[in-house]
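Residues per chain are reported as follows:
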Amino acid sequence: MRISDTADVWWKTAVIYCLDVETFIDWSGDGTGDLAGLAQRIDYLEELGVTCIWLMPFYPTPDRDDGYDITDFYGVDQRLGTHGDLVEAIRTARDRGIRVIVDLVVNHTSDQHPWFVSARSSKNSPHRDWYTWVDEPPKDVHLAPVFPDAEDSAWEYDKKTKQYYLHRFYKYQPDLNVTNPLVRDEIAKVMGFWLSLGISGFRVDAVPFLLETVGEPSITLPDPHEYLRSLRAFLGRRTGDGILLGEVNLPHDQQRLFFGQDDGDELTMQFDFIAMQNLYLSMARRDAGPLAAALTARPPIPPDAQWATFVRNHDELTLDKLTDDEREEVFAAFGPDPKMQVYGRGLVRRLPPMLDGDPRRIRMAYSLLFSLPGTPVLFYGEEIGMGENLVDGTRSAVRTPMQWTSGANGGFSTADPDDLPAPVVTGGFSPDHVNVADQRNDPDSLLNFIRLLIARYRACPELGWGRLELIDQPHAQVLVHRMIWDDASLIALHNLAPDAVTVPFTLPDTDPECELTDLLQTGTTTPGKHGETEVELDGYGYRWLRITRPGDRRLR
Ligand code: NOJ
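Summarised in this report is the structure supplied together with it. Predicted model only: the values in this text are computed from it and were never measured.

1. Here's the deal with the overall build of the protein
Part 1 of the reasoning: When helices and strands are tallied, the protein shows 17 helices and 22 strands.
Part 2 of the reasoning: Relative to the globule expectation of 24 Å for 556 residues, the C-alpha radius of gyration of the protein, 24 Å, shows essentially globular dimensions.
Part 3 of the reasoning: In terms of overall dimensions, the protein has a C-alpha envelope of 80 × 55 × 50 Å along the principal axes.
Part 4 of the reasoning: Restricting the contact set of the protein to residue pairs at least 6 apart, pairs at least 24 apart contribute 69%.
Part 5 of the reasoning: Total accessible area on the protein is roughly 21,200 Å²; 49% of this is exposed by carbon and sulfur atoms.
Part 6 of the reasoning: Across the protein, the centroid of the 54 positively charged side chains sits 2 Å from that of the 86 negatively charged ones.

2. Describing the packing of helix α6 (residues 181-196) against helix α8 (residues 224-239)
Part 1 of the reasoning: Between α6 and α8, the least distance of the axes is 11 Å, while the angle of their chain directions is 30 degrees. Put simply, α6 runs roughly parallel to α8. Where α6 crosses over α8, the handedness of that crossing is right-handed. Contact residues: Arg184, Ile187, Ala188, Met191, Gly192 and Leu195 in α6; Tyr227, Leu231, Phe234, Leu235, Arg238 and Thr239 in α8.
Part 2 of the reasoning: Broken down by class, the residue content of the contact of α6 with α8 amounts to 8 nonpolar, 2 polar and 2 charged.

3. Overview of the nonpolar core
Part 1 of the reasoning: Of all hydrophobic cores here, the largest spans 155 residues; its most connected members are Tyr17, Leu19, Phe24, Leu55, Phe202, Tyr280 and Met402.
Part 2 of the reasoning: Residues Val501, Phe505, Leu507 and Leu537 belong to the second largest nonpolar core, which totals 15 residues.

4. With respect to the site of the ligand
Part 1 of the reasoning: By nearness alone, every residue bordering the ligand is listed as Asp65, Tyr68, His108, Phe147, Phe169, Arg203, Asp205, Glu247, His314, Asp315, Arg395 and Arg399.
Part 2 of the reasoning: His314 is positioned with one of its side-chain polar atoms (N or O) 2.8 Å from an oxygen atom of the ligand.
Part 3 of the reasoning: Look at the ligand: alone it shows 290 Å² of surface, and the protein chains cover 98% of it.
Part 4 of the reasoning: For the shell around the ligand, the per-class residue count stands at 3 nonpolar, 2 polar and 7 charged.

5. Focus on the sheet that holds strand β11 (residues 317-318)
Part 1 of the reasoning: Ordered by their spatial adjacency, 3 strands build an open sheet running β11-β13-β12, and the pairing between neighbours is antiparallel. The open sheet has two edge strands with one neighbour each: β11 and β12 (341-342).
Part 2 of the reasoning: As paired strands, β11 and strand β13 (residues 346-347) are joined by 2 bridges and run antiparallel to one another. Pairing of Leu317 across the sheet is with Leu347, part of β13.

6. Some details on the packing of helix α10 (residues 273-285) against helix α11 (residues 289-296)
Part 1 of the reasoning: Relative orientation of the contacting elements α10 and α11 amounts to 160 degrees, with a least axis distance of 7 Å. Classified by the angle between their axes, α10 and α11 sit roughly antiparallel to one another. Note on packing geometry: the crossing formed by α10 with α11 is left-handed. Residues Ile274, Ala275, Asn278, Leu279, Leu281, Ser282 and Arg285 of α10 form the contact with α11, whose participating residues are Gly289, Pro290, Leu291, Ala294 and Leu295.
Part 2 of the reasoning: Here the contact of α10 with α11 is composed, by residue class, of 8 nonpolar, 3 polar and 1 charged.

7. Observations concerning the side chain of Ser367
Part 1 of the reasoning: As for its position among the elements, Ser367 is in helix α14 (residues 359-371).
Part 2 of the reasoning: Of the polar contacts made by the side chain of Ser367, one reaches the side chain of Trp544; its length is 3.0 Å.
Part 3 of the reasoning: When sequence neighbours within four positions are dropped, the list of residues in contact with Ser367 reads Phe449, Leu453, His494, Leu520, Tyr542 and Trp544.

8. Examining the sheet that holds strand β16 (residues 478-485)
Part 1 of the reasoning: Across the sheet, 6 strands lie side by side as β15-β16-β17-β22-β19-β20; this open sheet has antiparallel pairing. This sheet does not close on itself; its edge strands, each paired only once, are β15 (467-470) and β20 (524-525).
Part 2 of the reasoning: In the sheet, β15 pairs with β16 via 4 bridges, with the strands oriented antiparallel. The residue of β16 that forms the bridge with Arg467 is Ile484.

9. So, the pairing of β16
Part 1 of the reasoning: With respect to burial, β16 is a largely interior element, 7 of its 8 residues being buried.
Part 2 of the reasoning: Where β16 meets strand β17 (residues 488-495), 8 bridges bridge the pair, whose relative direction is antiparallel. Bridge pairing in β17 places Leu479 opposite His494.
Part 3 of the reasoning: Where β16 folds back on β17, the antiparallel hairpin that results is connected by 2 residues, among which Asp486 adopts a positive phi of roughly 60 degrees.

10. Re the pattern of salt bridges
Two side chains with opposite charge may pair up if their charged atoms get near one another.
Part 1 of the reasoning: Within this structure, the stated rule accounts for 35 salt bridges.
Part 2 of the reasoning: We note a salt bridge from Arg395 to Asp315, for which the minimum N-O separation is 2.9 Å. Of this pair, Arg395 sits in the loop between β14 (375-379) and α15 (436-440) while Asp315 is found in the loop between β10 (306-310) and β11, placing the two residues 80 residues apart along the sequence.
Part 3 of the reasoning: Of the charged contacts, one joins Asp518 and Arg543 as a salt bridge, the two residues approaching to 2.6 Å between their closest N and O atoms. One end of the pair, Asp518, is in strand β19 (residues 515-518); the other, Arg543, is in strand β22 (residues 542-548), and 25 residues separate them in sequence. Arg543 carries the same exposure label as Asp518, and that label is buried.
Part 4 of the reasoning: The network of salt bridges with shared partners includes Asp65, Asp66, Asp315, Arg395 and Arg399.

11. Notes on a negative patch on the surface
Part 1 of the reasoning: Residues Asp30, Asp416, Asp418 and Asp419 make up a contiguous surface patch of negative charge.
Part 2 of the reasoning: With relative accessibility at 44%, the residue Asp419 sits in the partly exposed group.

12. Digging into the packing of aromatic side chains
Part 1 of the reasoning: Scanning the entire structure with this criterion turns up 32 aromatic pairs.
Part 2 of the reasoning: Consider the rings of Phe193 and Trp194, whose centres lie 4.8 Å apart with planes at 85 degrees: the pair is edge-to-face.
Part 3 of the reasoning: A relative accessible area of 27% places Phe193 in the partly exposed class.
Part 4 of the reasoning: With relative accessibility at 1%, the residue Trp194 sits in the buried group.
Part 5 of the reasoning: Each residue in the set Tyr17, Phe24, Tyr44, Phe379, Tyr380 and Trp404 is aromatic and connected to the rest through ring pairs, giving one cluster.
Part 6 of the reasoning: Above the ring of Trp404, the side-chain terminus of Arg41 is found at 4.4 Å from the ring centroid.
Part 7 of the reasoning: The ring of Trp133 carries the charged tip of Arg128 above its face, separated from the ring centre by 3.5 Å.

13. Remarks on unusual backbone geometry
Part 1 of the reasoning: The phi torsion at Asp66 lies on the positive side, around 50 degrees, for a residue other than glycine.
Part 2 of the reasoning: Its relative accessible area of 14% is what places Asp66 among the buried residues.

Conventions used here
- Residues numbered from 1 in each chain as written.
- Predicted model: local features only at pLDDT ≥ 70, side-chain atom pairs only at ≥ 80, totals over all residues.
- Heavy atoms only, no water.
- Helix = DSSP H or I, 4+ residues; strand = E, 2+ residues; numbered from the N terminus.
- Rg over C-alpha atoms; globule rule 2.2 N^0.38 Å.
- Contact = heavy atoms within 4.5 Å.
- Areas by Shrake-Rupley, 256 points an atom, 1.4 Å probe, with all protein chains shown as cover.
- Lys, Arg positive; Asp, Glu negative; His and termini not counted.
- Charge placed at Lys NZ, Arg CZ, Asp CG, Glu CD.
- Axes fitted to C-alpha atoms, helices over the stretch in contact; angles between N-to-C directions.
- Parallel < 35°, antiparallel > 145°, perpendicular 65-115°, else oblique.
- Left-handed = near helix turned anticlockwise from the far one by under 90°.
- Nonpolar A, V, L, I, M, F, W, Y, C, P; charged D, E, K, R; others polar.
- Core = buried A, V, L, I, M, F, W, Y, C linked by side-chain atoms within 4.5 Å.
- Buried < 20%, exposed > 50% of the residue type's maximum accessible area, 1.4 Å probe, protein only.
- Near = heavy atom within 4 Å.
- Polar contact = N/O pair within 3.5 Å; in protein donor to acceptor, adjacent residues only side chain to side chain.
- Pairing = 2+ DSSP bridges.
- Salt bridge = Lys/Arg side-chain N within 4 Å of Asp/Glu carboxyl O.
- Patch = residues over 30% accessible without salt bridge, like charges linked within 9 Å, V, L, I, M, F, W, Y side chains within 5 Å.
- Phe/Tyr/Trp six-rings, centres within 6.5 Å; stacked < 30°, edge-to-face > 60°.
- Lys NZ or Arg CZ within 6 Å of the ring centre and 35° of its normal.

All we've got here are geometric facts, nothing functional implied.
Right under this line is the structure:
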């Protein structure tokens, strides 16, 4: 049975907005963003048009990895508020038709989590087997640490108990052992707990690492995917339509496995890291080829599964799946300074500064994002074109306070600037130049453009549901793609280069009476007798043309 036989598949056409409560808006005035503030800003998100908020970790944490180091999976960090504040925010969102999903970070805990404190206290601890311990790191499997600047091994020696524990990320984030049934039960309880507070699913952190069973006798968990299936089934039983949006940065063919068997019984959605990386390569080269190739190389996925498309997230812009030469091309174009680069594989910049603040190019990139097949995910501040702080050349560069006004601290907080979780962006992308208040009142702002894209995306189910077709045309710098679903069909054109261009193409199988209605500006184009069409694109231009017929009552 397919999930859609029984449940709403809202995620196929959702617009997801990722935010960190800590940096979104401080309502108490103590310098840290909070859940009370989030509840106050739900109306802003509704106005923007997003349909789902992804809350980054808000759990109690020593905060050494931006909250991804958790000491209590059932708690709310007191800096951010209480369970009551969280439920208020979720309830307000639901009232405005917005769902909430939360980060599920169960590959590891903080080393200060009581489970690990107990586990490392003695080999006889009841929590010892909640983590992976070995006498010697296995010689046959080399596990590269994910953060090579900070760690040279994925194994850390514990002097007291004379064994090594596994940590794929920082050494203060010991990996949980999911071969232990007690750990598996606890993870299900954690999910059940947050679901009962009204959330609609999870963004699942580091999925391939979570399923990894190295260091454990494989017999205890012969098929890790069976475990993922069981989590999905549990979610289905508890909610019917909850989602698992997985972080799986692997080549497409390996990613396919994480969607599960035929009907899709593992992750509901996965970020398309491959398309994202190739989008940057295409922009750097001003050649649509790499992006087109990445999109067409997507493996077929189960009918109700979905790709999540994105331009930036809270981590480095990873380029790890490009070849070394390709990565160097992107570095040269968008982050030549070593302080813009991290881990030898990524950039710690936001999109607008990478594109030199060129409004045409920025809009073209977001027009592409919203017209690609999948569910778009925005990182807070993208809608107003926020920049980054390169001060220390780490991922924190893009984790700066949201810019609400041109006032003190960008309207994020009334506290002393030294008390903020991170300095507000300075320079050309500071709140003086980039903020919500100014853009809300400016019909030509990026904010209003993103609102338009969101509204059109939501009104065109062919974008979320549809089948992709690439349309032939003569210009390497241009991508023309068509999204088809049921009897709806949209053609999107994007020019990745600065010069205007005329794009000829043919729509062979189209009704002779059809017109192409422009969804982003006024106007229609009428194809010739055999479907031959010509469309003008400005430098970095973009058009969304919906195929309409006389008498068609679809919104234009
Ligand atoms: C993936 C998260 O996106 C990243 O921010 C974090 O550092 C690692 N997981 C470890 O939790």
